[in-house]
Amino acid sequence: MLRMEGVSKSYHHRTSPVTALRDANIEMNRGDYVSIVGPSGSGKSTLLLMLGGMLSPTGGRVYVDGRSLYDMTPNERAAFRKKNVGFVFQTFNLVPYLTAVENVQVPLFLAGTDEATQRDHASSLLGRVGLGDRLDHKPSELSVGQQQRVALARVLANDPGIILADEPTGNLDPETGRQVIEFFDELNKEGRTIVIVTHDPRAAERAKTTLRLVNGTVLNGKAESGRAEHA
């Protein structure tokens, strides 16, 4: 379902060439829950962005459901991403002057959903993440953990089958981080494919499989161990 074949990414930093990813061969099936771990600067975020159609490789191909992402036109790729892929970032990327419910409405607005349906669906999603009483609060009026939950609700607005998360617990206290991890567990049980870049061992161990990167090299492109069951 998600596949990389011989994917590399290089760029220049000032006058020095930098290789962020080297000849990556990866395969993930629908419904997988995968953690990507490794030292800082090992290429984890680069890999995630390329899986999501946001960063073109220097070489090789990235496939989603058999379609080569970077053989699509930019507009085709953007439309595919909007319908199929949800991103969760450490920095949340909420619009500061919009309320919680308005932030969740943004992807629905871009999809052309009518305003009443936008509000109803966004309110329902915020209720699901425990923020039904914070609909009209702006990001500055919410805790860091609440802002992350708004971001999670927004990711679900267009019901993506694939969720890509880059250090989603990085800015959170341990208890809020645990709640976010449990939410990813729940989304995976619904059949969504979850790929999470993390330094957090609590988050990594919840995944069914693990990929390890070192200096841009994927050390294993298939499953590594299994997830222990958590109550």
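Residues numbered from 1 in each chain as written. Predicted model: local features only at pLDDT ≥ 70, side-chain atom pairs only at ≥ 80, totals over all residues. Heavy atoms only, no water.

(A) Spotlight on the packing of helix H3 (residues 100–110) against helix H5 (residues 144–155). Contact pair H3 / H5: the axes reach a minimum separation of 8 Å and the direction vectors enclose 30 degrees. Looking at the two axes, H3 sits roughly parallel to H5. For H3 against H5, the interelement crossing comes out right-handed. Residues Ala100, Asn103, Val104 and Pro107 of H3 touch H5, and the partners they reach there are Val150, Ala153 and Arg154. Across the contact of H3 with H5, the residue classes break down as five nonpolar, one polar and one charged. (Axes fitted to C-alpha atoms, helices over the stretch in contact; angles between N-to-C directions. Helix = DSSP H or I, 4+ residues; strand = E, 2+ residues; numbered from the N terminus. Parallel < 35°, antiparallel > 145°, perpendicular 65-115°, else oblique. Left-handed = near helix turned anticlockwise from the far one by under 90°. Contact = heavy atoms within 4.5 Å. Nonpolar A, V, L, I, M, F, W, Y, C, P; charged D, E, K, R; others polar.)

(B) Spotlight on the pairing of strand E1 (residues 2–13). Bridge count between E1 and strand E2 (residues 16–28): nine bridges; the pairing is antiparallel. Bridging from a neighbouring strand, histidine 12 pairs with proline 17 of E2. Counted between consecutive antiparallel strands, the loop separating E1 from E2 contains two residues, among which arginine 14 sits at a positive phi close to 60 degrees. The sheet contact formed by E1 and strand E4 (residues 59–64) spans five bridges and is antiparallel. Opposite serine 8, over in E4, you have glycine 59 as the bridge partner. (Pairing = 2+ DSSP bridges.)

(C) Seen up close, the nonpolar core. Of all hydrophobic cores here, the largest spans 34 residues; its most connected members are Val88, Val104, Leu126, Val150, Ile163, Phe184 and Leu187. One finds Met1, Met28, Leu47 and Leu48 within the second-largest nonpolar core, a separate group that totals 29 residues. (Core = buried A, V, L, I, M, F, W, Y, C linked by side-chain atoms within 4.5 Å. Buried < 20%, exposed > 50% of the residue type's maximum accessible area, 1.4 Å probe, protein only.)

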